[in-house]
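So you can see what is in the structure, the chains are spelled out below.
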Amino acid sequence: MDRKTIKRYPAMALAASVLIVTVAWGQTTSFTASYEGQGIAATTCNTTDTITGQEPEASGKYPVFLYMVGTTETSTNASATAAVQGMASRGYVAATIQYDSAEFGSCSQIGGKAMCIFNPHSSSSAVEVLCARAKADCAKGIVVAGFSQGAVIGTLAKNTDSRVQAVYGMGDGVMYAATNLSSCMANGNRTLPSDRLRAVNGDKDEFTGVTESLQQTNMQSLTGFTCESGSTSCLQSNGSGWIIVQDDQTEADLADHCYMRDGGCVASEDSLDSGWKSGSSNWELNANLKWLTQFTAAGSTHR
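Residues numbered from 1 in each chain as written. Predicted model: local features only at pLDDT ≥ 70, side-chain atom pairs only at ≥ 80, totals over all residues. Heavy atoms only, no water.

Tell me about the nonpolar core, and name the residues and values.
Residues Phe 65, Leu 66, Ile 97, Ile 117, Phe 118 and Trp 276 are the most contacted members of the largest nonpolar core, which totals 80 residues. Here this core takes seven residues from helix H3 (residues 78–88), the largest share from any one element. Ignoring anything within four residues of it in the chain, the contact list for Phe 118 reads Leu 66, Met 68, Val 127, Val 144, Ile 153, Ala 157, Thr 160, Asp 161 and Val 164. (Core = buried A, V, L, I, M, F, W, Y, C linked by side-chain atoms within 4.5 Å. Buried < 20%, exposed > 50% of the residue type's maximum accessible area, 1.4 Å probe, protein only. Helix = DSSP H or I, 4+ residues; strand = E, 2+ residues; numbered from the N terminus. Contact = heavy atoms within 4.5 Å.)

Laid out in structure tokens, this is it:
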């Protein structure tokens, strides 16, 4: 269903959306758990945080997916839930991870949050809580997605856990307003290779680059992939690289930092751009979740 049809026939779009979600939920089951995260102003993993997930209903062993929201967002907001549903229905033990999203910070501060989430040597880390689930097989691979600060945490995840295979980051970057994260986020300054990173940012992103030119500079610094000036994408043969979302691609004609919302950052975090949620364009959710799946072994099912 294209965007024009959605705008002209919203009831039809809603019915289709409900059907899709019903099918996905019919194939998956939900769960909650907890782990020890890094609390406000802390330097250790000292706070109990929530893990909210879904996994395939069928018995078997599956790879694992983790999602982190952005600064000040709720861990179970609409974009996080859509990503978790999407990956669970694709055969993953999938979860959105609560963390101290109230404050942004330096490489060391955000890196500490990433360590608490992705420490493979601690049974109380989020990744190990998930890997211990009966249906999880982290040897099949772990993939990650996130938005804003959550994208930074995701991009740093492989520094701690070598099982992380690929990352999809929205609002990802080396500069966030006045905060320079180049020392840990720029290409070559982190463990995750850029051919396992797919960054998708808006062309009016007020934090990582408010003009298309500034955004391209940010993306090239983050990934090391350089394309002709004015390019809106720079994807490599395996789909890694970067995409700059254009205003007119979104429902609200605004591709700011929160382009996945219907109305950008001033809109509710539970109001999603319909194209991002259910479309198939390269900047939208489904295409990017599908991209992640190539880097893990398929789950095994036993009916």
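Structure's up, so let's keep going.
Please set out the layout of surface pockets residue by residue, giving values where relevant.
A water-sized probe, rolled over the atoms, reveals where empty space remains. In this structure, the second largest pocket occupies an estimated 160 Å³ of space. Around the second largest pocket sit Thr 71, Phe 104, Phe 147, Ser 148, Tyr 176, Ala 177, Thr 179, Phe 207, His 257, Cys 258 and Cys 265, which together line it. Classifying every residue of the lining of the second largest pocket by side-chain character gives seven nonpolar, four polar and no charged. (1 Å grid on protein atoms, 1.4 Å probe; cavity = no way out; pocket = protein on both sides within 12 Å on 5 of 7 lines; lining within 4 Å. Points joined across faces, edges and corners; volume = space filled by probe spheres on them. Nonpolar A, V, L, I, M, F, W, Y, C, P; charged D, E, K, R; others polar.)

Please provide a residue-by-residue account of the sheet that holds strand E12 (residues 241–245), values included.
An order of E1-E2-E5-E4-E6-E7-E10-E12-E11 is seen for the nine strands of this open sheet, with the pairing classed as mixed. Both outer strands of the open sheet, strand E1 (28–38) and strand E11 (233–235), are each paired with one neighbouring strand and no more. Pairs of neighbouring strands in the sheet enclose a mean axial angle of 20°, with direction left out of account. The sheet contact formed by strand E2 (residues 45–56) and strand E5 (residues 93–97) spans four bridges and is antiparallel. Bridge pairing in E5 places Thr 52 opposite Thr 96. (Pairing = 2+ DSSP bridges. Axes fitted to C-alpha atoms, helices over the stretch in contact; angles between N-to-C directions.)

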